[in-house]
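Okay, here's what each chain looks like letter by letter:
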Amino acid sequence: MASTSRITRTTAIVAVGALSAFGLAACATADKGDAGAADGPITIEYMHRLPDGEGMTPVAEIVERWNAENPNIQVKATKFDGKASDMALKLETDVKAGNAPCLAQLGYAEVPQVFVKGLLEDVSAEASKYESDFSAGAFSGMRVGDAVVGLPQDVGPLVYFYNETAFAELGLDVPTTLADLTADSATAAAAGKYVAAFTPDEAHNWLSGQAAAAGDTWFTAEGDKWAVDTQGAGAETVATFWQGLLDTKTTIATERWGEGFTAALNDGSLIGHIGAAWEAGFLLDSLDGTPAEGQWRVAQLPDFGAGALTGPDGGSGVAVMKGCKNPVEAMAFNAWFNTQVEDLATQGLVVAAKGDVKTPEKMLRQFGGQDVLAELGTATQNLNPDFVYAPGFSTLTKMNETAAAAAAGTATVADIFATAQTTAVAALKDLGLPVAE
């Protein structure tokens, strides 16, 4: 496996790109401040997108506990009601205007590009104090080369969901390898059922996560340039697997967020699913009150050829924004907040911090009493720590278009990873960053 030392030079590349391409050098000299110099308590602003829904421990309530215990470091939390992309645009505007919050929630895929734009602080020294509180894979999501820009909050490791009752009726064991999953797919399809769904609208994060589970690292550095390889051995394994299922019609091809997926789940034809861990919070809602309630379970992702390894599909961290005057104190709160595992779990998060979390009643009911969060915690520890994102990763949604063509038979699954390669290289060049070719 690769290590972070392989991408150490990338930090310099990113820093140069940030200053030359975006003209934000002035932001880098913001006064850091310190607790001793402040008159009265320090105030840290934190902007988040957590749902704060019914039955959840509100962010404001969690923050109130910190404020009561830390009178000299007071935190003001603000909920952003909007899309992640809109929040990123607001943060860019706020940094340029000099009134950005100290802390802000960002998706891992957003982190490198926001850093390139000169909008984040490198808080590596502070982050290292808290690194052991989080899984290595989650912590790497807040790393850009040598820089660490904050701390992880939640993760989306890929896992395998399956209908235990339906599997038993077909004489199937839980697949532990791709060979198992291929064989199970054939057996299930002969009975009019599917143990996996090919979901084109999720290809961007879903297939890249599978490539990570197969051991790939898409972004490294060659000298002083970004190196991109989305068509490695892992991607070939993933492409061969899904192409085989599509060619033999032993998988259902349907959009994950379309009506077809839910319909197949409800009528019992879909009895297995490779999905992100965070889907456990709502995947089975449509089965409540039906005979299928309590039949499903969650297991580790089958071995894609790299052992007990899985890949990321979503997740976010809390970053320190450029110009934060009290980064040390901000990181102290950051570490405390993101280790409040019980409270964060109520927000529907698969928490990045280590620690036991009680599986909520809803999950226990839907998954037949299984300790779901313990299983998801194992997956979190198995995240590929060397699969990091690069600036422009968000543009790889073009993979979804090619995946739709693959589902229709007018392209191949391998073409999806070729799309990722050309799109990633173009995105880096568009950002003014050198690319090894």
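In the block above lies the structure referred to throughout.
Here's what I pulled together on the structure shown here. (Residues numbered from 1 in each chain as written. Predicted model: local features only at pLDDT ≥ 70, side-chain atom pairs only at ≥ 80, totals over all residues. Heavy atoms only, no water.)

1. Structural notes on the overall build of the chain
Part 1: Helix and strand counts for the chain come out as 17 helices and 14 strands.
Part 2: Its C-alpha atoms give the chain a radius of gyration of 22 Å, within 12% of the compact-globule value 22 Å for 437 residues.
Part 3: Along the first, second and third principal axes, the C-alpha atoms of the chain reach 70 × 50 × 35 Å.
Part 4: For the chain, the residues scored as buried account for 55% of the 437 residues in total.
Part 5: For the chain, contacts bridging at least 24 residues in sequence account for 79% of all contacts bridging at least 6.
Part 6: Total accessible area on the chain is roughly 16900 Å²; 51% of this is exposed by carbon and sulfur atoms. (Helix = DSSP H or I, 4+ residues; strand = E, 2+ residues; numbered from the N terminus. Rg over C-alpha atoms; globule rule 2.2 N^0.38 Å. Buried < 20%, exposed > 50% of the residue type's maximum accessible area, 1.4 Å probe, protein only. Contact = heavy atoms within 4.5 Å. Areas by Shrake-Rupley, 256 points an atom, 1.4 Å probe, with all protein chains shown as cover.)

2. With respect to the packing of helix H9 (residues 203–213) against helix H10 (residues 233–247)
Part 1: Taken N-terminus to C-terminus, the directions of H9 and H10 make an angle of 120°; their axes are 8 Å apart at the nearest point. As the angle between them shows, H9 and H10 are arranged oblique. Between H9 and H10 lies a crossing of right-handed hand. Of the residues in H10, those in contact with Trp206, Leu207, Gln210 and Ala211 of H9 are Gly234, Ala235, Val238 and Trp242.
Part 2: Of the residues belonging to the contact of H9 with H10, the class tally is six nonpolar, two polar and no charged. (Axes fitted to C-alpha atoms, helices over the stretch in contact; angles between N-to-C directions. Parallel < 35°, antiparallel > 145°, perpendicular 65-115°, else oblique. Left-handed = near helix turned anticlockwise from the far one by under 90°. Nonpolar A, V, L, I, M, F, W, Y, C, P; charged D, E, K, R; others polar.)

3. A word on unusual backbone geometry
With the exception of glycine, the majority of residues adopt a negative phi angle, and the majority of peptide bonds are in the trans configuration.
Part 1: One non-glycine residue, Asp52, lies in positive phi territory at about 55°.
Part 2: Of note, Asp52 is situated in the loop between strand E1 (42–48) and helix H2 (59–69).

4. Some remarks on the packing of helix H8 (residues 178–190) against H10
Part 1: Interaxial distance between H8 and H10 falls to 10 Å at its minimum, and their mutual angle equals 10°. Judged on the interaxial angle alone, H10 and H8 are roughly parallel. Note on element contacts: H10 touches H8 through Thr237, Phe241 and Leu245, opposite Leu178, Leu181, Thr182 and Ser185.
Part 2: The residue makeup of the contact of H8 with H10, split by class, is four nonpolar, three polar and no charged.

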